[in-house]
Amino acid sequence: MTAKRLLLILPLLVLPVALAGQGRGVAPKDLGKPPVDSWPTYSGDYSGKRYSPLTEIDRTSVKRLGLAWTARLTAGTGGGGGGGFRRGFGGPPVIVGGDGPADFPAVPANVKGTPLVVDGTIYVTSPDNVWALDARDGREFWHYFWRTKGSTPIANRGVGIWNDFLYFVTPDNYFVSLEMKTGKERWNKVHADFAQQYFSTSAPIVVDDHVIVGTGNDLDSPGYIQNFDPVTGEVKWRFYTVPMKQGDPGLDTWPSLESARHGGGHPWLPGVYDPETRLYIFGTGNPIPAYTAGRGDGDNLFTCTLVAVNVDTGKMAWYFQTSPHDMHDWDSAQTPVLFEGVIKGKPRKLISTAARNGYFFTLDRVTGEHIVTTKYGTATNWVKSIDKNGTLRRDPGKNPIVPGTLTSPTSGGTINWEPPAYNPDTKLFYVPERNGISIYYLTDPDPRGSMGLGGKEEVQVGNAGNFLTAIDPLNGEVKWRRPYPGNGFGAGGGGLLTTAGKLVFSGDASNNLVAYDAETGKPLWHSRIGSVSNAPITYMLDGRQHILVAAGDTLYAFAIYE
Amino acid sequence: MTARTGWMAVAALAVALGATARMAGQSPQPQQPPPTEGHGGPPPPGAQAPAPPPGPGQAQRRELPRFPAHQRPQADPAVIERGRGLYVGNCGPCHGADARGGQLGGPNLLRSQLVLADNDGELIVPVVHKGRPGTIMVPRPDIAEADVKAMSAYLHHLQAQGSNQGGPPPGEEVPLDILVGDAKAGSAYFEQKCATCHSTADDLKGIATRVPEAMALQNVWVSGGRAAGRRQFRPPTARSAVTASITLPSGEKVEGPLVRLDDFLVTIRQADGTVRSFRRDGDVPAVVVSDPLKGHLELLGVLTNTNMHDVTAFLATLK
C-alpha cells in the first residue's frame, strides 16, 4: 500500500471527519498547458479548444469504451453523493457556508458546468454545491453547500483553481474560496448586488495571480467582469461591458447614459486567455430590455460583443460586436476559441466564435481585425446586410411586433451556452447548430420599452433541423453537418470535446453520449446515459484515458479496460 | 388579445394625476415560469416540455420569492394605497405613474439601484428631501418623511410584482391586434400555397370557431397544428404524425408512426398499439421517415410576415 493510499484510508477510521482529498493543487504557470493527466481549467487549457492530445481512445478503440463508474450527486445537506458503501459509514459531513435561511430548499443537483480534474480528484459543481470526488470511483471526499438567500439557480459552470485553492460563484453572487484538500471555506466576497437581481453562474478563470469572473442578470443592470486577488479576495479591477459614465466609449450607441447603465451585456460564460498578448477575451450578453423598444436605434455597445481586456490592467484592447442592437435575446457570451492559421499566405493568431444569432466569426486575436463572417444556422433569417468590416446589420422587419414576426433562430439561439471545440489535427471548429423557427409577438408596445426579458411572447412553430456542424474557421465554410435525429431537445448535449484520437464527443437529441469521427461526423460509439448536461472532458488516470460526462445529477466515467 | 403594460397609464397621466385610476399594483403576483437555461427559448413544437429536475425542492422553489424585491415584507395595503396617490401626484409626471420612466425624462424607478436597495424609505427619503443636484429633480423637504415612506412602500409593491427574468409588473390591459392582415390577399395566398393539401370546405371548415383566439389561430396554422401557444402543444393527429418505413435485411417492411429515432435505434408504433424497436447500423435497416408537415417547413422558409398575417386574417373569417 502506497503512502498516498494510506493517507486516503486513515480518515475512514476516524469518521465522521471529512475526507481530505488527495488533491495537490495547480500552479498557475501549469494552467495553459495542453491537458494530459488533468483538466485544470474550464476549457482544459486557456485556448477554449476543448481539445485533448490524448490518443488511447481513437476511432478504432472507441468501440471498446466502457463504463468505469457512475456517481449520483445529492445537493443540499441531505448528503450522500458518490459510489460505494460510504453512506454506510455515515458519510463525510456536508460543509455548510452562506447565511441564507436554513429552510430554503436546495435545488436538485444538475451538472451544467465543467468538472476540473487534478491529481486524481474531481471538483464538480451544481448551483450552491461543490464536491470533491475520487476520480478512481466517484467516491465523495468532501461536499460544500452554500445556503443561498434566493436568486435564480440556473446553472454553475464550475470552479477555478489557483495553487491549493478553489474559487466559485454562488447564485446569490458570492465569490467563495475553498481549500482544495478539505473543502473548508477560506472566505467569501460579494461579487454582485443581489438586490439588483444579479445571479452568478460563470466559472472563474485563473491567470497568474488573477481570478477573473463575470456577472449575470436578466433585470436591467450593467454587466461586468472582475479580477479578484486569489489570496485576499480583494477586487483588483472591474471592467463594465456597457458605458457607465459620461465620456465612456460606446455611449453614443445608446439613447442615454441611464439606458446604457441598465443595458445588460452580461459576460455569462468564461473567456479565453492569450499569454502572448496578456489579453483575456470573452463574449458579452444581450442588451436589455431584450425584445422591445427602449434602447434607441444605436448598436448598444458593448453588448453581444467579443471583448479583449488586458488581464493586468482591466483595460480594453479591442472589441468586435457580433450582434449590433440585438432584438432577440441572442447573447454572444459563448466561449470563443484561440487557434493559429494561415490567411492569404500569412500565419495568423486567430480567434473564432459561433454566436447564438446563427453567425460564425473569425478575427485576428491580437488586433481584433475582422477576417470571417458567415452564416452557419441554415434557417437564420434576421440579417439585412453585412458591412465591409464583417459587422451584421439586422433587418428591423424581424423585430418582435404585435401581430407576430417569423424568425429563426428561436430566442434559445442556434447555440446557447454550450461550449464548442476546435481540433488542430482536422483544423475544424465544431459546434451544435439548432434551427428552430419562432413567431415573436410583441406584447408590450410601450415606446419606453419593457424591462428585462419582458414584453414578448414567443411560440416555436417549426424546426429546420439540429446538427453537429464542422466549420473551417479560416473561411467560415461548413464542411459537414451531422443531423441529431429526434425532435430537438438536448441536441448537442452540454457542449463538445475533441481529441487527437480524431473524435468529437457530444450528447445527441436522444439521451445518448456519442463519439463522432472528427473528420466525417460519422457516429462511432454511444451510450444512452440520459440527457447529457455538460461538455465531456478527458484525462489520463492510472495509465488509462478516461472520458467524464454528466447527465443531470449523475457523473459517468468511461475508459477502455480490455 | 391584450397585454398588460403600463403605457396606457402613462398616456392617461394628465387625467390620472392624483386621481385613483386603475393602476398596476392591485393584481395578484403573476405566475412565473421556471427560469430556463440561457434564457431558454421555447420548446420545439409537438415536443413534450422538458420535465423539471427530479426532487421535491424544485416544485416548492418555483413559488419562492427569489430576490429582495420579491422577498421584502410588504407594507399595509392602506399605506401602499396612500403612497400610490402621493407618488402619482408628486413623482408620476417625471417618473411615470407606473414608475417605468416618464415623458419628462425621469428614470425608471423599478430598475433603480437605489430603489432596489432600499428597504423602507431609508435611501429614498434623503433623495426626495435633497433632490438630485444638476437634474430637474428639485429638493422636496415639504413632503413628510412618513409620506415618502408610503411612496417607497408603493414602489416596493410594484417591484414585488416584477418577474424573476426582469419583466415589469403587469399594468393596464392594452388591446393587441393580431388581425392586421388583408383577408383577401390571404385567400389568394391560401389558394396558391395551401390548397394543394388543405380545403376550407373540409379540414379547415370552421377553423376560426374551433380556434377563436387570433394568436392561437396563427400559431396553429403556421406550425401545422402542433403549437397553439407557448406551452400549448397539440398531439399529432393521424394526418400529421411522422411515420417511418423500415426495410429489414430480410426484405420485410415495417411501417408505423415514429416513436423514436436516433443514429442507433428506430422505434415505431404498430397497428395493434405495441411498439417495436430496431437497432440501426449505418444504413441497415433502411429507414425512410415521412413527415406530413414537410410542406409547412418548406413554407416557413419563404413565408413573409405579410403573407402570414394575410392568411391568418383569411382563416379568421372561416367561422
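Because the structure is a prediction, the values reported are computed rather than measured.

Cut-offs and rules
- Residues numbered from 1 in each chain as written.
- Chains lettered and ligands numbered in written order.
- Predicted model: local features only at pLDDT ≥ 70, side-chain atom pairs only at ≥ 80, totals over all residues.
- Heavy atoms only, no water.
- pLDDT = per-residue confidence, 0-100.
- Contact = heavy atoms within 4.5 Å.
- Buried < 20%, exposed > 50% of the residue type's maximum accessible area, 1.4 Å probe, protein only.
- Helix = DSSP H or I, 4+ residues; strand = E, 2+ residues; numbered from the N terminus.
- Pairing = 2+ DSSP bridges.
- Axes fitted to C-alpha atoms, helices over the stretch in contact; angles between N-to-C directions.
- Parallel < 35°, antiparallel > 145°, perpendicular 65-115°, else oblique.
- Nonpolar A, V, L, I, M, F, W, Y, C, P; charged D, E, K, R; others polar.
- Salt bridge = Lys/Arg side-chain N within 4 Å of Asp/Glu carboxyl O.

## Focus: the confidence of the model for chain B
Residues and elements named next belong to chain B.
Link 1 in the chain: Chain-level statistics for chain B give a pLDDT mean of 83 and a share of 80% at 70 or above.
Link 2 in the chain: A low-confidence stretch, residues 4–36 stays under pLDDT 50, and its non-local contacts, those more than four residues away or across chains, total 80 contacts.
Link 3 in the chain: In this model residues 46–62 is a low-confidence stretch, pLDDT under 50, and it forms 29 contacts with partners more than four residues away in sequence or in other chains.
Link 4 in the chain: As scored by the predictor, the complex reaches a pTM of 0.91 and an ipTM of 0.91.

## Examining the pairing of strand β5 (residues 121–126) of chain A
Residue and element names in this part refer to chain A.
Link 1 in the chain: Of all 6 residues making up β5, 6 are buried, and the element is well covered by its neighbours.
Link 2 in the chain: Side-chain alternation along β5 places T121, Y123 and T125 on one buried face and I122, V124 and S126 on a second face that is also buried.
Link 3 in the chain: Pairing between strand β4 (residues 116–118) and β5: 3 bridges, direction antiparallel. Residue V118 lies in a different strand from β5, and its bridge partner there is T121.
Link 4 in the chain: Adjacent in sequence and paired antiparallel, β4 and β5 are bridged by 2 residues, among which D119 carries a positive phi angle near 50 degrees.
Link 5 in the chain: When β5 meets strand β6 (residues 129–134), the two strands line up antiparallel, connected through 6 bridges. Bridge pairing links T121 to D134 in β6.
Link 6 in the chain: Taking the residues between adjacent antiparallel strands as the criterion, β5 and β6 are bridged by 2 residues, where D128 takes a positive phi near 75 degrees.

## Some thoughts on the packing of helix α10 (residues 183–194) of chain B against helix α14 (residues 305–315) of chain B
Residue and element names in this part refer to chain B.
Link 1 in the chain: Between α10 and α14, whose axes approach to 7 Å, the crossing angle comes to 100 degrees. With respect to each other, α10 and α14 are oriented roughly perpendicular. Note on element contacts: α14 touches α10 through N307, D310, V311, A313, F314 and L315, opposite A183, A185, G186, S187, Y189 and F190.
Link 2 in the chain: For the contact of α10 with α14, a count of residues per class yields 8 nonpolar, 3 polar and 1 charged.

## Here we look at the pattern of salt bridges
Link 1 in the chain: One pass over the structure, following the stated rule, counts 43 salt bridges over all chains.
Link 2 in the chain: A salt bridge links A:D517 to A:R59, with the shortest nitrogen-to-oxygen separation between them at 3.2 Å. Here A:D517 is found in strand β33 (residues 513–517), whereas its partner A:R59 is found in the loop between β1 (51–52) and β2 (66–72), with 458 residues between them in sequence.
Link 3 in the chain: Between B:R82 and B:D147 there is a salt bridge; the shortest N-O distance is 2.5 Å. Taken together, the residues span a long stretch of sequence, with B:R82 in helix α5 (residues 77–90) and B:D147 in helix α9 (residues 145–160) at a distance of 65 residues.
Link 4 in the chain: Judged by its relative accessible area of 40%, B:R82 is partly exposed.
Link 5 in the chain: Here the salt bridges do not stand alone but share partners, grouping A:D444, A:D446, A:R448, B:D98 and B:R100 into one network.

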